[in-house]
Amino acid sequence: MDIHRTPTASVTVISDDVGLFGTIARALADETTTVAHRTLYRRPADAETMDRPDVIVIDRQVVQHVDREILTLRRRWPTVEVVVVNASDERQVQVLLVAGADDVVLAGSPALAG
């Protein structure tokens, strides 16, 4: 059986910053990419209520122990892409990459300019 579907992607942004969500949604959302916003992500158990997206963008300023959250997400969904935004400095970038983030964006980066 040959099934042809349009490729799609889903992105979940975990942030209390509506402006940041808007910036990411404007950059990524189109007819094949959905971008969802979650603000109530305070502990690993919150991941259990989420449907598995293709990409999770975590706002470093919202999640206290983001390195632990990345490990929790990796255990739940080993193949999900994890991007952390608003890292404070290069040292934190290194820590987050070692923890399992696929990419990290520094706070103030032009990539986050809306």
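Residues numbered from 1 in each chain as written. Predicted model: local features only at pLDDT ≥ 70, side-chain atom pairs only at ≥ 80, totals over all residues. Heavy atoms only, no water.

### A closer look at the side chain of N86
Here is step 1 of the chain: Position of N86 among the secondary structure elements: in strand β4 (residues 81-87).
Here is step 2 of the chain: Looking at N86, the relative accessible area reads 11%, which means it is buried.
Here is step 3 of the chain: One polar contact links N86 to D59, side chain to side chain, over a distance of 2.9 Å.
Here is step 4 of the chain: Sequence-distant contacts of N86, that is, excluding residues within four places in its chain, are made with L20, D59, R60, Q61, Q92, V105, L106, A107 and L112. (Helix = DSSP H or I, 4+ residues; strand = E, 2+ residues; numbered from the N terminus. Buried < 20%, exposed > 50% of the residue type's maximum accessible area, 1.4 Å probe, protein only. Polar contact = N/O pair within 3.5 Å; in protein donor to acceptor, adjacent residues only side chain to side chain. Contact = heavy atoms within 4.5 Å.)

### Let's talk about helix α2 (residues 66-76)
Here is step 1 of the chain: Looking only at α2, the buried set comprises V66, E69, I70, L73 and R74. Along the axis of α2, the buried positions cluster into a sector of 140°, meaning they face one direction only.
Here is step 2 of the chain: Its buried side turned inward, α2 meets β3 (55-59), β4 and α3 (90-99). (Arc of directions from axis to C-beta.)

### A look at the sheet that holds β3
Here is step 1 of the chain: Taken in spatial order, the five strands of this open sheet run β2-β1-β3-β4-β5, and their pairing is parallel. At either margin of the open sheet sits one strand with a lone partner, and together these are β2 (33-38) and β5 (103-106). Recorded for the sheet is a direction-independent mean angle of 20° between the axes of neighbouring strands.
Here is step 2 of the chain: For β3 and β4, the ladder comprises five bridges, and the chain directions are parallel. Residue pairing across strands places D59 opposite V85, the latter belonging to β4. (Pairing = 2+ DSSP bridges. Axes fitted to C-alpha atoms, helices over the stretch in contact; angles between N-to-C directions.)

### Some remarks on the side chain of S15
Here is step 1 of the chain: Summarising the element assignment, S15 is placed in the loop between β1 (9-14) and α1 (18-28).
Here is step 2 of the chain: Judged by its relative accessible area of 0%, S15 falls in the buried class.
Here is step 3 of the chain: Within the structure, S15 has its side chain in polar contact with the backbone nitrogen of D17 (distance 2.9 Å).
Here is step 4 of the chain: Setting aside chain neighbours within four positions, we find S15 in contact with L20, H37, R38, T39, D59 and V62.

### With respect to the environment of Q61
Here is step 1 of the chain: As for its placement among the helices and strands, Q61 is situated in the loop between β3 and α2.
Here is step 2 of the chain: On the basis of relative accessibility, which here comes to 59%, the residue Q61 falls in the exposed class.
Here is step 3 of the chain: Residues Q61 and S15, spaced 46 residues apart in sequence, show a C-alpha to C-alpha distance of 8.0 Å.

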